[in-house]
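Coordinates in review
In case you want the letters, here they are:
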Amino acid sequence: MIDLDFLGVTVRTLLGGLPLTLSLTAGSVALGGVLAALAAWGRLSGVAPADWLARLYIFVFRGTPLLVQIFLIYYGLGQFRPTLQAWGLWTFFREPYWCALLALALNTGAYTAEIFRGAVLSVPHGALVAGRACGMPRLLLFRRITLPLATRQALPAYGNEVISVVKATSLASTITLMEITGIAQKLIAQSFRALEVFVCAGAFYLALTFVIIGILRLAEARLSPDLRPRPVAHPA
């Protein structure tokens, strides 16, 4: 039988890990977006060194598991502690939070870079030609035509990537971080009641996903005025 009182205690306990989960998600999405923009620029720039560097970054972080990346950053770099101390970086890499944030950002940045690149390439060539015919300089053309159209094209895929980051934050529990999954594992070790705990933890992730989907739908509607239902004209 499922104990409702225990479910209530579990929900209140898991709430303590929600701020850390949100912090990891927001930080990794923000930093990953910057990395993705740089990598996408490198892929589209036509500059050979930038293109190959971006290709290497995307290939490595898309081709290896996120869990391995977290372990390499948190445990692997610890072998170079004297060097990191000499460079003043040990205070960063000794903290599991920053290691998890860095791994998540590098991973999502690689996936997001390809989303951004595909969105830019999907902009209709005719729209760019029309902008140039109107005398738009390159920067204005990007701001008024390329960026809005590319954002609209990238939004569905980028939304899926943000949801994946939310779920990927659960891997931070493997390096001692007490986010939602970490607290859930601690509760299971104390109570041996995996069903109730994991049901509650899954409900938290479902709730976060539901909120993100709602925000993305609002953004998609805002960026797609042509898809909005037209107001019905009533005869006088």
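Residues numbered from 1 in each chain as written. Predicted model: local features only at pLDDT ≥ 70, side-chain atom pairs only at ≥ 80, totals over all residues. Heavy atoms only, no water.

1. Overview of the pattern of salt bridges
Put simply, the rule is: Within this document, salt bridges are pairs made up of a side-chain nitrogen of Lys or Arg and a carboxyl oxygen of Asp or Glu, the two lying within 4 Å of each other. Only DSSP runs of H or I covering at least 4 residues are called helices, and only runs of E covering at least 2 are called strands; the numbering of each starts at the N terminus. Only protein chains enter the accessibility calculation, which uses a 1.4 Å probe; a residue is then buried when its area is under 20% of its type maximum, exposed when over 50%, and partly exposed in between.
Taken as a whole and assessed by the stated rule, the structure comprises eight salt bridges. The closest approach of N and O atoms between Glu220 and Arg152, which form a salt bridge, is 3.1 Å. Residue Glu220 is located in helix H11 (residues 194-223), and its partner Arg152 is located in helix H9 (residues 138-168); the two are separated by 68 residues in the primary sequence. The class of Glu220 is partly exposed, set by a relative accessible area of 28%. For Arg193, the salt bridge identified is with Glu196, shortest N-O distance 3.2 Å. For Arg193, a relative accessible area of 25% translates into the label partly exposed. Via salt bridges that share partners, Arg43, Asp51, Arg55, Arg62, Glu114 and Arg117 belong to a single interconnected network.

2. Some words on H11
Cut-off, in case you're wondering: Expected span of a helix, by definition, is 1.5 Å for each gap between consecutive residues, and there is one gap fewer than residues.
For H11, which comprises 30 residues, the first-to-last C-alpha distance of 43 Å matches the rise-based estimate of 44 Å (1.5 Å per residue) to within 8%. Three or more residues of H11 are buried, namely Glu196, Val197, Cys200, Ala201, Phe204, Tyr205, Leu208, Thr209, Ile212 and Leu216.

3. Some points on the packing of aromatic side chains
Rules: Each aromatic pair joins two rings of Phe, Tyr and Trp (for Trp, the six-membered one) with centres within 6.5 Å, and gets the label stacked for planes under 30 degrees apart, edge-to-face for over 60, and tilted for any other angle. Two limits define a charge over a ring: the Lys NZ or Arg CZ must be within 6 Å of the ring centre, and within 35 degrees of the ring normal.
The final tally for this structure, using the stated rule, is seven aromatic pairs. Look at Phe92 and Trp98: their rings are 5.9 Å apart centre to centre, the planes differ by 25°, and that puts the pair in the stacked class. Each residue in the set Phe92, Phe93, Tyr97 and Trp98 is aromatic and connected to the rest through ring pairs, giving one cluster. Sitting over the face of the ring of Phe6, Arg193 holds its NZ or CZ atom 4.7 Å from the ring centroid.

4. Observations regarding the nonpolar core
Put simply, the test is: To form a nonpolar core, buried Ala, Val, Leu, Ile, Met, Phe, Trp, Tyr and Cys residues must be joined to one another through side-chain atoms within 4.5 Å. A contact between two residues is defined here by any heavy atoms of the two lying within 4.5 Å.
If you look at the biggest cluster of nonpolar residues, it comprises 26 residues, and the most contacted ones within it are Leu24, Ala39, Tyr57, Ile73 and Ala100. For this core, the secondary structure elements donating two or more residues are helix H2 (18-44), helix H3 (48-63), helix H4 (66-76), helix H6 (90-93) and helix H7 (96-121). If you tally residues by element for this core, the top one is H7, at eight residues. Excluding its chain neighbours within four sequence positions, the residues that come into contact with Tyr57 are Leu35, Ala39, Ala105, Leu106, Gly109 and Ala110. Grouped together as the second largest cluster of nonpolar side chains are 23 residues, Leu7, Leu18, Val165 and Ile183 included.

5. Points about the environment of Thr209
Quick reminder of the rule: Contacts described as polar in this section are N or O atom pairs within 3.5 Å, which, within protein, must combine one atom able to donate a hydrogen with one able to accept it, while residues neighboring in sequence count only if both atoms come from side chains.
Turning to its location among the elements, Thr209 is positioned in helix H11. Judged by its relative accessible area of 16%, Thr209 falls in the buried class. On a C-alpha basis, the gap between Thr209 and Ile163 in space is 6.1 Å, while along the polypeptide they are 46 residues apart. Within polar-contact distance, the side chain of Thr209 engages the backbone oxygen of Tyr205 at 2.9 Å.

6. Structural notes on the packing of helix H8 (residues 125-133) against H9
The criterion, for reference: Lines fitted to C-alpha atoms define the axes here, with helix axes fitted over just the stretch in contact, and angles between the N-to-C directions of these axes take values from 0 to 180 degrees. With respect to orientation, any angle under 35 degrees is reported as roughly parallel, any angle over 145 as roughly antiparallel, any angle of 65 to 115 as roughly perpendicular, and every other angle as oblique. What makes a crossing left-handed is the near helix being turned counterclockwise from the far one by less than a right angle; a clockwise turn instead makes it right-handed. Charged residues are taken to be Asp, Glu, Lys and Arg, nonpolar residues to be Ala, Val, Leu, Ile, Met, Phe, Trp, Tyr, Cys and Pro, and polar residues to be all remaining types, Gly included.
Interhelical geometry of H8 versus H9 gives an angle of 165° and a closest axis separation of 10 Å. Regarding the angle of H8 to H9, the classification is roughly antiparallel. Crossing geometry of H8 relative to H9 is assigned as right-handed. Along the contact surface, H8 presents Ala127, Leu128, Gly131 and Arg132, while H9 presents Leu141, Ile145, Thr146 and Leu149. Considered class by class, the residues forming the contact of H8 with H9 number five nonpolar, two polar and one charged.

7. Comments concerning unusual backbone geometry
Note: most residues except glycine have negative phi, and most peptide bonds are trans. Even without being a glycine, Thr176 presents a positive backbone phi close to 75°. The exposed category is assigned to Thr176, whose relative accessible area is 53%. Its identity is not glycine, yet Phe192 carries a phi of approximately 60°, on the positive side. Structurally, Phe192 is set in the loop between helix H10 (180-191) and H11.

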